[in-house]
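Structural features, examined
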Amino acid sequence: MGWLARGRHAARRLRLVVATEGLAETVRRLARRTRRDAGLGDYLAVKAARDAAFDARHDSDTGGVQRLYTLAIDSPNARHGIDHVASDPDVFAAALALLDGDLSRFHFLDLGSGKGRALLLACDYPFRAVTGVEFAAELHATATRNLARRGDPRATALLGDATAVALPDGDLLVYLFNPFEAAIVRAVARRLAALPPERDIRLLYVTPRHRDALAAEGWRVVAGAGEAVLFRRD
Ligand SMILES: C[S@@+](CC[C@H](N)C(=O)[O-])C[C@H]1O[C@@H](n2cnc3c(N)ncnc32)[C@H](O)[C@@H]1O
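All of the points below concern the structure found in this document. (Residues numbered from 1 in each chain as written. Predicted model: local features only at pLDDT ≥ 70, side-chain atom pairs only at ≥ 80, totals over all residues. Heavy atoms only, no water.)

This part takes up the site of the ligand. Around the ligand sit 26 residues, and of these Ser87, Asp110, Gly112, Glu134 and Ala162 come closest. One of the side-chain N or O atoms of Ser87 is found 2.5 Å from an oxygen atom in the ligand. Contact between the ligand and Phe135: a nitrogen atom at 3.3 Å from a main-chain N or O atom of the residue. Compared with its free state, where it exposes 610 Å², the ligand has 99% of that area covered by protein. Of all the secondary-structure elements, those providing two or more residues to the shell around the ligand are α5 (117-122), β2 (129-134) and β4 (172-177). (Near = heavy atom within 4 Å. Polar contact = N/O pair within 3.5 Å; in protein donor to acceptor, adjacent residues only side chain to side chain. Areas by Shrake-Rupley, 256 points an atom, 1.4 Å probe, with all protein chains shown as cover. Helix = DSSP H or I, 4+ residues; strand = E, 2+ residues; numbered from the N terminus.)

What follows covers the nonpolar core. Formed by 28 residues in total, the largest nonpolar core has its most connected members in Phe92, Phe108, Phe127, Leu173, Tyr175 and Leu204. Elements supplying a minimum of two residues to this core: α4 (89-96), α5, α6 (137-150), β3 (155-159), β4, β5 (201-206) and β7 (228-233). Examining the composition of this core, we find that 5 residues originate from one element, α5, more than from any other. Apart from residues no more than four positions distant in its own chain, Phe92 is found in contact with Ser87, Phe108, Ala118, Leu121, Ala122, Tyr125 and Tyr175. Within the second largest apolar cluster, 23 residues are counted, among which are Leu111, Val188, Ile201 and Val229. (Core = buried A, V, L, I, M, F, W, Y, C linked by side-chain atoms within 4.5 Å. Buried < 20%, exposed > 50% of the residue type's maximum accessible area, 1.4 Å probe, protein only. Contact = heavy atoms within 4.5 Å.)

What follows covers helix α3 (residues 41-58). Helix length check: α3 (18 residues) gives 26 Å between terminal C-alpha atoms against 26 Å at 1.5 Å per residue, within 8%. Those residues of α3 not exposed but buried are Lys47, Asp51, Phe54 and Asp55. An end-on view of α3 places all buried positions within 90° of arc, on one side of the element. α3 presents Asp42, Ala45, Val46, Ala49, Ala56 and Arg57 as exposed residues on the side facing more than 90 degrees away from its buried surface. The first or second residue beyond α3 is Asp59, which carries a positive phi of 50°. (Expected span 1.5 Å × (residues − 1). Arc of directions from axis to C-beta.)

So, about the sheet that holds β3. Ordered in space as β3-β2-β1-β4-β5-β7-β6, the 7 strands form an open sheet in which the pairing is mixed. Edge positions in the open sheet fall to β3 and β6 (219-225), since each of these has one partner strand only. In this sheet, adjacent strand axes meet at a mean angle of 20° when their direction is disregarded. Here β5 runs beside β7; their pairing, made up of 5 bridges, is antiparallel. (Pairing = 2+ DSSP bridges. Axes fitted to C-alpha atoms, helices over the stretch in contact; angles between N-to-C directions.)

Positionally, Arg117 belongs in helix α5. The class of Arg117 is buried, set by a relative accessible area of 3%. Setting aside anything within four residues of it in sequence, one finds Arg117 in contact with Asp51, Phe54, Thr62, Gly63, Ala86, Ser87, Asp88 and Pro89.

Note: β6 against β7, 6 bridges, orientation antiparallel. Directly across from Val221, in β7, lies its bridge partner Phe231. Between β6 and β7, which pair antiparallel and follow one another directly, the connecting turn spans 2 residues, one of which, Gly226, has a positive phi of 55°.

Phe92, Ala95 and Leu96 are the residues of α4 that are buried. Looking down the long axis of α4, one finds its buried residues gathered within 95° of arc, a one-sided arrangement. Two or three places before Asp90, at the opening of α4, Asp88 has a side-chain oxygen 2.9 Å from that residue's backbone nitrogen.

Tracing the sequence through the fold places Asp102 in the loop between α4 and β1 (107-111). Given a relative accessible area of 44%, Asp102 falls into the partly exposed group. Spatially, the C-alpha atoms of Asp102 and Ala19 are 49 Å apart, while their sequence positions differ by 83 residues. Of note is the side chain of Asp102, whose polar atom sits 2.7 Å from the side chain of Ser104.

Turning to a nonpolar patch on the surface, a few remarks are in order. On the surface, a nonpolar cluster with roughly 240 Å² of combined accessible area is contributed by Tyr43, Leu44 and Val65. Within the secondary structure layout, Tyr43 lies in helix α3. (Patch = residues over 30% accessible without salt bridge, like charges linked within 9 Å, V, L, I, M, F, W, Y side chains within 5 Å. Salt bridge = Lys/Arg side-chain N within 4 Å of Asp/Glu carboxyl O.)

Written out as structure tokens, the structure reads:
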């Protein structure tokens, strides 16, 4: 998308948020974003260096911060989505260390997979399959290119919404890196909780801002470390 199209798109999104959330809530959201951005300077500088190192090592394009309001997203859930930033490799490794046993039983499913960084990282583990679901077409296209370069036949990127995509069969490790707000966390948690009880479904939530929504849908914490929490169904 060119800058003019992005501007029009952002204006449309703003009008939609004002229409659905009201002017006062929109102003509160913009103020929150501005405060957050002001405090993010140092973090973003470190992150940019780490992103560049990762992408140089993996011949990939996974870095940066992509604001969802600048992207084309064909989903009513766009307003509940969180901007794209890629998983940090060290945080990812610490999160995966919470799992014990044979990982080859599990299908790794990243809901909100962005440019596919977590999918590339998951390819280093013996998962049965690795799938990502992303609703922003540009990010999905980048993830598809990244996976093609990686050339791992277990890995697939899908364009779709986390609340509607067909869920893979068998045991699942669902990975969430702070992808969406509470309403969507709850919808996803409810969907996963309804899968047949004989299936082993684990949920690994990194930067778990809405972990209460999981508890409310019958998920219980089995392990946690740093920014990651591992859940199972009750
Ligand atoms: C913080 S990024 C995480 C990226 C990736 N999982 C990683 O770890 O590198 C969150 C991603 O979730 C996507 N997202 C948000 N809501 C979504 C939804 N309802 N369905 C699919 N993707 C969604 C955003 O577009 C964004 O790319």
